[in-house]
Amino acid sequence: MTTEEAKVVVPRNFRLLEELERGEKGIGDGTVSYGMDDADDIYMQSWTGTILGPHNTAYEGKIFQLKLFCGKEYPESPPTVRFQTRINMACVNPETGVVEPSLFPMLANWRREYTMEDILIKLKKEMMTSHNRKLAQPPEGTEEARADPKGPAKCCVM
């Protein structure tokens, strides 16, 4: 294989179609999932992710909804990731729910080969770290304060 062959870059939409197909099939142990918000979104920008709170942590028994926005530079640049469900976590802005790239190394050191699935799995692992696992969580029922300004998701693959 020549150097030129090794550098084949998959176009953005093909890459997102691969991610959509993988998300629709269900991934791993079922504790993270993701899918497109709107099947009619030809740019495939707006996605919803779900993380089931890991056992033996303050997140256990909770379902966390996230929004992932893949701009036109994705996968060269990371998506914007925002928790819709209120959460207390070191890398998440408590007011906006945005996962702060400066506090979440995967986003700060983004590589083209990373996927939305990788982000969700890494966030779940982050929940299990010693500095996050015991953090007191916001009371149940406070999710409405961070609703998506575009309205409810039209489609969510679980």
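Data block above holds the structure.
Being a predicted model, the structure only gives us computed values, none of them experimental. Positions within a chain are numbered from 1, following the residues in the order the chain's sequence is written. Local features in this predicted model are restricted to residues whose pLDDT is 70 or higher, and side-chain atom pairs enter the listing and the counts only when it is 80 or higher, whereas totals over whole chains, interfaces and linings include all residues. Excluded from the side-chain calculation are hydrogens and water; included are all heavy atoms of the structure.

A.B. asks: I'd love a proper account of the sheet that holds strand β2 (residues 46-52), names of residues and values included.
C.D. replies: Strands qualify as paired when DSSP identifies two bridges or more between them. The secondary structure listing takes helices from DSSP runs of H or I that are at least 4 residues long and strands from runs of E that are at least 2 residues long, numbered from the N terminus. The antiparallel open sheet is built from 4 strands, whose spatial order is β1-β2-β3-β4. Each of the sheet's edge strands pairs with one partner strand only, and the pair in question is β1 (32-36) and β4 (80-83). Pairs of neighbouring strands in the sheet enclose a mean axial angle of 20°, with direction left out of account. Bridge count between strand β3 (residues 63-69) and β4: 4 bridges; the pairing is antiparallel. Paired with L66 across the bridge in β4 is F83. Whether two residues are in contact is decided by their heavy atoms: any pair within 4.5 Å suffices. Angular values range over 0 to 180 degrees, each being the angle between N-to-C directions of two axes fitted as lines to C-alpha atoms, with helices fitted over their stretch in contact. Packed onto the sheet, helix α2 (residues 12-25) meets β1 and β2 and runs at close to 130° relative to β1.

A.B. asks: Explain the environment of L123 residue by residue, including any values.
C.D. replies: The residue L123 is located in helix α4 (residues 116-127) in this model. To sort residues, take the accessible area from a 1.4 Å probe on protein chains only and compare it with the maximum for the residue type: under 20% means buried, over 50% means exposed, and anything in between is partly exposed. By relative accessible area, L123 is classed as buried at 0%.

A.B. asks: Give me the lowdown on the packing of aromatic side chains, citing residues and values where you can.
C.D. replies: A pair of Phe, Tyr and Trp rings is counted when the ring centres sit within 6.5 Å of each other, with Trp represented by its six-membered ring. The angle between the planes then sorts it: under 30 degrees is stacked, over 60 is edge-to-face, the rest tilted. Per the stated rule, a full pass over the model turns up 5 aromatic pairs. Their ring planes at 45° and their centres at 6.2 Å tell us that Y34 and W47 sit as a pair that is tilted. Separated by 13 residues along the polypeptide, Y34 in strand β1 and W47 in strand β2 bring together distant segments of the chain. No difference in accessibility class separates Y34 from W47, as the two residues are buried. Plain terms: the ring middles of F64 and F83 are 6.3 Å apart, the flat faces sit at 85° to each other, and that makes the pair edge-to-face.

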